[in-house]
Amino acid sequence: MPKDQRSASKTNPGRFFEDYSVGQVIEHAVPRTVSGGERALYHALYPARHAIQSSDEFARACGLHESPMDDMITFHTVFGKTVPDVSLNAVANLGYAEGRFHRPVWPGDTLRARSEVIGLKQNSSGKTGVVYVRTEGHNQRGQLVLEYVRWVMVRKNDVEAPAPEAVVPELSRVVDPATLILPEGLDFSGYDCTLAGEPHRLGDYAVGEVIDHVDGVTIEEAEHMMATRLWQNTSKTHFDVTPRADRRRLIYGGHVMSMARALSFNGLANAQMIVAINGGSHANPCFAGDTVRAWSEVLDTAETAAPGVGAIRLRLVAVNEDRRVGELKDAEGKYLPHVLLDLDYWALMPL
Amino acid sequence: MPKDQRSASKTNPGRFFEDYSVGQVIEHAVPRTVSGGERALYHALYPARHAIQSSDEFARACGLHESPMDDMITFHTVFGKTVPDVSLNAVANLGYAEGRFHRPVWPGDTLRARSEVIGLKQNSSGKTGVVYVRTEGHNQRGQLVLEYVRWVMVRKNDVEAPAPEAVVPELSRVVDPATLILPEGLDFSGYDCTLAGEPHRLGDYAVGEVIDHVDGVTIEEAEHMMATRLWQNTSKTHFDVTPRADRRRLIYGGHVMSMARALSFNGLANAQMIVAINGGSHANPCFAGDTVRAWSEVLDTAETAAPGVGAIRLRLVAVNEDRRVGELKDAEGKYLPHVLLDLDYWALMPL
Amino acid sequence: MPKDQRSASKTNPGRFFEDYSVGQVIEHAVPRTVSGGERALYHALYPARHAIQSSDEFARACGLHESPMDDMITFHTVFGKTVPDVSLNAVANLGYAEGRFHRPVWPGDTLRARSEVIGLKQNSSGKTGVVYVRTEGHNQRGQLVLEYVRWVMVRKNDVEAPAPEAVVPELSRVVDPATLILPEGLDFSGYDCTLAGEPHRLGDYAVGEVIDHVDGVTIEEAEHMMATRLWQNTSKTHFDVTPRADRRRLIYGGHVMSMARALSFNGLANAQMIVAINGGSHANPCFAGDTVRAWSEVLDTAETAAPGVGAIRLRLVAVNEDRRVGELKDAEGKYLPHVLLDLDYWALMPL
């Protein structure tokens, strides 16, 4: 056997469309312990200021024993685990649904991830197909911390491979607020708006309200690579200039999610914890040099069983420099070219 | 109400000159827990090597129970808290005085900040004014960790707003060394110069002596943005290329302070802890691509009550590439264009 | 005494060739406590995914009480301590030998370093000489954690200084696998290949096998400077654009070592811990903008006394973009221009 073939057999080529089957369960590799170092890096990489994740004292005043890891750290860590098995040969990351945070991740927790293939549909071209997976993240006690559905377009390796029977899962358009899972002990009845940074409580937000988060961050290569590596996301396209003729690195969509979420502090300082991800689209690619801004639209509000705690459903839109706040799609329903991210989520907010 | 107006009301426009009044107390938002992650990042962002902050063992040999956070981490964290309330609409950061570190910050501590307006003076243009604040940082036990006076030039929003009665506080030009507060238990009687990195004790420095710290660091955008975000400093000018016609980002003055202080290890390895900031000026703006160098001048020395511990008063000057060590101002008393920082502080040094 | 001269005497000029003598022992300054923050930064700076260093749980399943610091963190920290004393005036870092890791470094450990000069040989030019040092790193309990021999070419300050008697130490070409020191308690008998990321055990690798690690990372200035500073490496050439006419910063060779080692996960996920460094050459300089790739060659395998634990000897080669896997030197035995690193080491792998 020539050397190159032999060596090729040791490395991970990723899965191709024909390698998936509905019902298949994939245990993702390399569990990861997250702690104060990851927290500090999150604060260095994003202008994150939500008080529960910034201050142990503030978290305690809200009924938690210490500051939990930012919910997006949980999301990125679990997502990163899935990349070698789900999206190494992906052409596009198409969407998210039914994302639910089941419990906070605490400093010192170790996360694992597992995905089940819940849908498959070959595209009419015969060269690619859509793979739907339901991914779960568990902590070291085997407790579920996060689940979400994600679908990606994946290349076929052998275009002659027969198309599987199409299975397209029925997915909720939005997580029912009655089913939101709240962190144990969470209590906003003594919530301190001064320390949190803004006076606006749930009742101050109206459905349909649009908030321009004002601030912008111009993205650097070193930062998005450090962030993406921190979550052990191995997608080549984020790190290596050689695959593209223009020698640009495509920025991990999750970097834009965290950047936009952090920017949304200005106007949504009290949207403290993310408890569900209803949907999300990476509308257009983001590259170093882009200046990311964000705006939010209030989609819904709800009550919860926890004292003083309400829920707010938000559309979070990241844009590239252009400030046309509130404009999202063109007449044909296609995202405008300056839109980077359209994320629909539930957060918790004091009543 | 049109959407844009409504949304504008949710975000922080910052305070304008006419929004301040003498005696006003502002509780700054978003307390922050700092720990080993922030310490590691500080070492990654600056060439910091002072042994007390680098090694738990060295700190213990100096009478402390573990390595405290770098004093500049305390300063930046407290300073960062004040930005949304004090300097979001600032035209210039004019000066510092009467800075005193009251006790170390330890890993796991949570910092809060509060400022009192102690002076106001409208400028003759009628478009801006100078705001003087005394800022205090407290830990989670309510103990004072840092206080300092800072004055900034702030824009008026309504140029027709009447000028307030001018109040200009009388500020000490230097913190009296007899009033320096030393970390509890600090003892340099068994100080190990070999481990600390240099043999020079307080008696080896002469007032008037000038030290060229030799080394230089060429600044990158990603690094100053990570540093500035780490302290939750929200000043737009550090992150967003769009406000300036030349699309440059102004570097947070504190980044230059920490860079220069770290560079000063080479020649001042035993100037271990900063206990007072007598004054400081950000003489000229710093941009990515600048190569920061530093030199120090010994301004004074003093004894302290702690065993083996002396105090050294230093002028720390950061310059951009140009090595004319010792040259600071032109004939008119204006800072030379290559000078970035002129900082006057007290540090502790073994006798 | 003029000011400039006096100040020069306070800073570290580094040692020149004539300042070394065989038998000389140098205690390096500034001990360093490493912890979770350094670990998180390591994961942000390199695509490191070896499971023992990523997950406390995985480490426990392998008989360790928690996840140890990455072996390269130990190496870089000890190496960094030696720079001000050994390589500040080095022209070239010539080689490594007899590197042995004696025990893991755990979060919270404090490292010190000491070097003994074991060889000296002036070059025929009379302007430089080769200095051989054996460096040891110790933890806060005085236990040896790492030792290695390194030789560097150092400038003479005074070319008239007489040449010392040439002493060239006899160095092993490879650490005898029978003498490898294994972490106490290490047990791979229940090793989980699924969680580790690859199914290949020691028996699946054949001597002579070459593995292309496929992935590449394009290097940024901010990243290599943050890494190099994190280890308190003070070599000016990594940070300051002014010394070179082309204003480029030479990247710390250890940055390339860690990058290549992390990239080698893809194909060597089970080469879990580095226990010895047999040799190493920084074949050509690396600069920001280079895209680092890596390939490995299996040089040997061995058994160990620990349950289920074997050892694999690997040549790890880092290259700049060019993918000619397996090509190392030209007909004259000179490294090809695209080769950055040639490292020979022993790692532990499940049988």
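The structure under discussion appears in the preceding block.
Figured I'd write up the structure that's included with this text. Please read these numbers as outputs of a predicted model, since none were measured by experiment.

What counts, and where the lines are drawn
- Starting afresh in each chain, residues are numbered from 1 along the sequence in its written order.
- To label them, take the chains in the order written and letter them from A, then take the ligands in the order written and number them from 1.
- Predicted model: local features are reported for residues with pLDDT of at least 70 only, side-chain atom pairs are reported and counted for 80 or more only, and whole-chain, interface and lining totals are derived from all residues.
- Hydrogen atoms and water are omitted, and side-chain values are computed over all heavy atoms in the structure.
- Orientation is described by lines fitted to C-alpha atoms, with helices fitted over the stretch in contact, and by angles between N-to-C directions that extend from 0 to 180 degrees.
- Numbered from the N terminus, helices here are DSSP runs of H or I no shorter than four residues, and strands are runs of E no shorter than two.
- For classification purposes, an angle smaller than 35 degrees is called roughly parallel, one larger than 145 roughly antiparallel, one from 65 to 115 roughly perpendicular, and anything else oblique.
- Contact between two residues is taken to exist if any of their heavy atoms lie within 4.5 Å; hydrogens are not considered.
- Amino acids are sorted into nonpolar (Ala, Val, Leu, Ile, Met, Phe, Trp, Tyr, Cys and Pro), charged (Asp, Glu, Lys and Arg) and polar (every other residue, Gly among them).
- Burial classification: accessible surface area is computed with a 1.4 Å probe over protein chains only, and a residue below 20% of its type maximum counts as buried, one above 50% as exposed, and the rest as partly exposed.
- Think of it this way: DSSP has to see at least two bridges between two strands before they count as a pair.
- Defined here as a combined quantity, buried area equals the accessible surface (1.4 Å probe) lost by two parts on assembly, summed across both.
- For salt bridges, the criterion is a side-chain nitrogen of Lys or Arg within 4 Å of an Asp or Glu carboxyl oxygen.
- Under the rule applied, a polar contact is a pair of N or O atoms within 3.5 Å (in protein, one hydrogen donor and one hydrogen acceptor; residues adjacent in sequence only if both atoms are side-chain atoms).

1. Digging into the packing of helix α7 (residues 221-230) of chain A against helix α7 (residues 221-230) of chain C
Where α7(A) contacts α7(C), the two axes come as close as 8 Å, and the packing angle between them is 60 degrees. One way to sum up the angle between α7(A) and α7(C) is to call them oblique. Contact with α7(A), carried on its side by A:Ala222, A:Met225, A:Met226 and A:Arg229, involves C:Ala222, C:Glu223 and C:Met226 of α7(C) and no other residues of that element. Its residues assigned to classes, the contact of α7(A) with α7(C) comprises five nonpolar, no polar and two charged.

2. Concerning the pairing of strand β9 (residues 273-281) of chain B
All names here are of chain B. For β9, the buried fraction is high: nine of the nine residues fall into the buried class. Where strand β3 (residues 90-101) and β9 come together, four bridges link them in antiparallel fashion. The residue of β9 that forms the bridge with Ala97 is Gly279. With seven bridges joining them, β9 and strand β12 (residues 339-350) adopt antiparallel strand pairing.

3. Quick notes on the interface of chain C and chain B
Listed per partner, the contact involves 36 residues of chain C and 48 residues of chain B. On the chain C side of the contact with chain B, C:Lys10, C:Met226 and C:Arg229 bury the most area, a combined 21% of that side's loss. Put simply, chain C and chain B have six salt bridges between them. Across the pair B:Glu223 and C:Arg229 runs a salt bridge whose closest N-O atoms are separated by 2.4 Å. On the surface where chain C and chain B come into contact, there are 21 residue pairs in polar contact (both at pLDDT 80 or more). Looking at the side of chain C that touches chain B, the elements with two or more residues in it are α1 (3-8), β2 (32-33), α2 (36-45), β4 (110-122) and α7 of chain C. With six residues, the single largest contributor to the side of chain C that touches chain B is α7(C).

4. Details of the environment of A:Ala97
All names here are of chain A. Within the element layout of this structure, Ala97 appears in strand β3 (residues 90-101). Classification of Ala97 by relative accessible area gives buried; the value is 4%. As a C-alpha pair, Ala97 and Glu303 span 206 residues in sequence and 22 Å in three-dimensional space. For Ala97, the contacting residues outside a window of four places in its chain are Tyr148, Val149, Trp151, Leu171, Ser172, Ile277 and Asn278.

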